[in-house]
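Remarks on the overall topology
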Amino acid sequence: MTASMSDHPLTDESPSGGLRRRSFLGYVIGGTTLIAAADIALAGPPASALPSAPSIPEVYDLNDFLTDAARPTANLITVTINSDGTASFALPRSENGQGIVTSSAMIIAEELEMPLDRVRVTLADARPELLFNQLTGGSNTTISTYTPIRVAAAVAKLALLEAAAIVLGDTVGSLIAKGGVVQGPSGSVSYADLAPAAAAKVTRGVEVQLKDPQDYRVVGVATGRSDARDAVTGAKQYTTDLQVADALPTMVCRAPTLNGTPRTLRNKAVVLAMPGVTDVAVVDTGIAVRAATFGQCIDAVRVVDAEWNPGSVEGLSDEDIVRELRSAQVPVPRLAISIPLVAKTITTDTVFYFRSNSSMDTNSAVADVRADRAEVWSGLKSPGTAQAAIAQAVGLPLDKVTVHVMQGGGSFGRRLFFDAALEAAKISKAMGKPVKLMWHRADDARVGRTHPMCTSRVQAVVNPLTKEVLAMTQLHTSIETDYRHGLGDLITANATKIPPGVGNFVGFSQTVFGLTQEIPYNLGAVVQSLTEPDGSPGLATEPRFNTSSMRNIYSPDVRTANELTIDKIAAALGMDPYQFRLKNVRVDIVREVLQKVAEVGQWGRTMPAGTAQGIAIHKEYKGASACLVEIDTRPQTVNRKVAGSPEYVTGPRVTKVTYAINAGLVINPRGLEAQMQGRINDGIAQALTSSMHLKNGHFVEASWDNYFYTRQWNHAPEVEVIIMPSDSAQPGGGGEAGVAASMAAVACAYARATGTTPTYFPINHKAPRPFVTKPYVPPIPASPSDGLTLTS
């Protein structure tokens, strides 16, 4: 049986006609199995006119945009009751460690009144019919799927109750569903026994009442990850764990400079003669080698002798890109406000260098392309766009290309793109054989996706007599953030290539920036803008850099520059940084998290010279967060050594973190806490140590051993995450929340501890690199011969 939700509410508990209602119409879909689906095409109110003030995201933000885009196909999301009494659900999103498989199972178990361990959640293959509804990003998964999943589960439960009423001879109103069993005056019957009888012969509309959140017994309870045991025991299946018939290990020899392409392979016979090598093919991204083992692939890649075309940034280095950004910066606009003679102008001008989007699970894909069909497996956050691009690349109709979504070991926005999946399909077609493609870590770092370099200039005008801020302007200038994945479909993927100014199009980047950035303070006239000099001048132009929406997109950099300025304003007005924020914050949930971290983190306590506290807030994704950190910048800490390797980087250390978040209705508090712990690490890394160095047309870093993400010895030994109570009936976003406030708090703490506001991040970007640069030719280092000794 299949059930879906209609767009006609029966009751509405929200004065605005929003999603607070609990009554919906749905559908029991005809078939031999009980299947339920939800349709919420018109479940929310239409978007109202967006005011110019106080800010666009306060009225309509990126999550509203993504959720509204998904509404028309929400009825295609189904929950199935199987003959063994389990419930199964193919989640049309990508699991990369954020815990959405577990939280989705919790929602189903709650609404279906069944044990959590009886719910089976898998990842859906690419489904073209799910237009705009198969993109994982913007912390939107739970926000956009919460109601459709609940309705589909509620429709399934109603069908089970109706079947039980017939079996038991009782009325539906006298029955109770609990623990996967329906109980009534005449007895009880399990979901397993009811599933065949509940399956509908024809699709029909039904009316359902959603469970009152006050009665929740599963949602809101701290729960361990359903895949935790598999993850820690090595049983969890990632792409490179797949055993697809005849799909042999495959790797690619790449150009020595970024985005260079092969011109000539001069020694194909030599490469083919290498041990284990079965195939060699030239594709647009490099020289592909297929062999019996990945070790043999590495050996073969290292002997490739090829001539390469120039890369997209040939000869350019960090300083060249900074100059380009500076030359593209727009003038600070003149605001139509009255400025008294006593007014002071306060400025902050900050450079944020490239950062890597690489994850621990390297970029990989399995592809089997035949003359009449293709099948691809990979960790994908926009599988619909991937399917369309692969079909176009291999010359097959869309319905002849099957794309399976695998779980990924991290994403950070990287898997919004499908570089490995597309490349694997091209290689498989060229070789005429299945391939298991794995990018080397050097590939992931040097030609993978990055957070774009940018500058952020903030100018504030204050009145020292009244201690008020009259105006604040923030001008963000960035290398282009690539959004060519669109909303997970080919239509919007192509639309993202339209440059700003064509017709009435404001630009995709500008749209995302406008829907995410807000300043929840009273700062007079506020202007925030984005300029991307790398933006495509025409539809055929590809970006020079391989960028993507690294976790929290623009917010960490924008927020850091903004909060540093807030500290400067407070100092200019003779106010405590926390008290200034508290006085000027204008959003209640932001005020609450700010007060909580100040209280728990003991803001203002006496600290030794060279150490300091920093505090910052952030509002986004239907929630709010605040972070208070303590940092140690004393010489004995900055210059400390770590036993084991001269390449280890220490520097300033964050010693304590207090983090508070209001994320609305929280499905799994334990999962949210884990998310915030990870995001705090991201914030520390981006403020202090993590960056890529562009030098002569290529990035220097080539693996995790020389890309300085937060290490254990730099992580705060004391971290407290506080999940604030909320009266919201809807969940907020948690996947990205946490980076911006934590990075900004670390930056503010560093400035207070040293007495100097940084002008670039991370603060150690210009420090000497204590490692030997890995080779560019060959593009990857040799496989370690003593790997076991390194893990002892």
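Residues numbered from 1 in each chain as written. Predicted model: local features only at pLDDT ≥ 70, side-chain atom pairs only at ≥ 80, totals over all residues. Heavy atoms only, no water.

**Comments concerning the nonpolar core**
Short version of the rule: The criterion is simple. A nonpolar core is a set of buried Ala, Val, Leu, Ile, Met, Phe, Trp, Tyr and Cys residues joined through side-chain atoms within 4.5 Å. Only protein chains enter the accessibility calculation, which uses a 1.4 Å probe; a residue is then buried when its area is under 20% of its type maximum, exposed when over 50%, and partly exposed in between. Here a strand is any run of E in DSSP of at least two residues, a helix any run of H or I of at least four, and the numbering for each starts at the N terminus. Contact criterion: two residues are considered in contact whenever any of their non-hydrogen atoms come within 4.5 Å of each other.
Core analysis: the largest hydrophobic core is formed by 69 residues, its most contacted members being Ile569, Phe580 and Val654. Here this core takes 11 residues from helix H19 (residues 739-754), the largest share from any one element. In contact with Phe580, other than residues within four places in its own chain, are Val469, Leu523, Ile566, Ile569, Ala570, Leu573 and Met575. Core analysis: the second largest hydrophobic core is formed by 49 residues, Ala288, Ile321, Phe354 and Ala425 among them.

**Some details on unusual backbone geometry**
In the segment running from Phe761 into Pro762, the intervening peptide bond is cis, with an omega of 0 degrees. Note on placement: Pro762 falls in the loop between strand S31 (760-761) and helix H20 (787-790). Omega for the peptide link from Val777 to Pro778 comes to -5 degrees, which places this bond in the cis form. Assignment of secondary structure puts Pro778 in the loop between S31 and H20. Positive phi values are uncommon outside glycine, yet Lys467 reaches one of about 55 degrees. Within the fold, Lys467 resides in the loop between strand S22 (454-463) and strand S23 (468-478).

**As for the packing of helix H14 (residues 555-572) against H19**
Each pair of packed helices can be described by the angle between their axes along with the distance between the axes. Note the threshold: Axis definition: a line fit to C-alpha positions, over the contact stretch in the case of helices; interaxial angles, taken between N-to-C directions, run 0 to 180 degrees. Should the near helix be turned counterclockwise from the far one by less than a right angle, the crossing is left-handed, whereas a clockwise turn marks it as right-handed. Any residue outside Ala, Val, Leu, Ile, Met, Phe, Trp, Tyr, Cys, Pro, Asp, Glu, Lys and Arg is labelled polar, Gly included; the first ten of those are nonpolar and the last four are charged.
Where H14 contacts H19, the axes come no closer than 8 Å and their chain directions differ by 40 degrees. Crossing angle aside, the handedness with which H14 passes H19 is right-handed. Across from Ser555, Pro556, Asp557, Arg559, Thr560, Glu563, Leu564 and Asp567 in H14, the residues of H19 making contact are Val739, Ala740, Met743, Ala744, Ala747, Cys748, Ala751 and Arg752. Taken together, the residues of the contact of H14 with H19 sort by class into 9 nonpolar, 2 polar and 5 charged.

**What to know about the packing of aromatic side chains**
Rules: Planes of paired rings set the category: under 30 degrees apart is stacked, over 60 is edge-to-face and the rest tilted, where pairs are Phe, Tyr or Trp rings (Trp by its six-membered ring) whose centres lie within 6.5 Å.
One pass over the structure, following the stated rule, counts 9 aromatic pairs. Plain terms: the ring middles of Trp704 and Tyr707 are 5.9 Å apart, the flat faces sit at 70 degrees to each other, and that makes the pair edge-to-face. Of the two residues examined, Trp704 and Tyr707, each falls in the buried class. Between Phe708 and Phe771 the ring centres are 6.0 Å apart and the planes differ by 65 degrees, which places this aromatic pair in the edge-to-face class.

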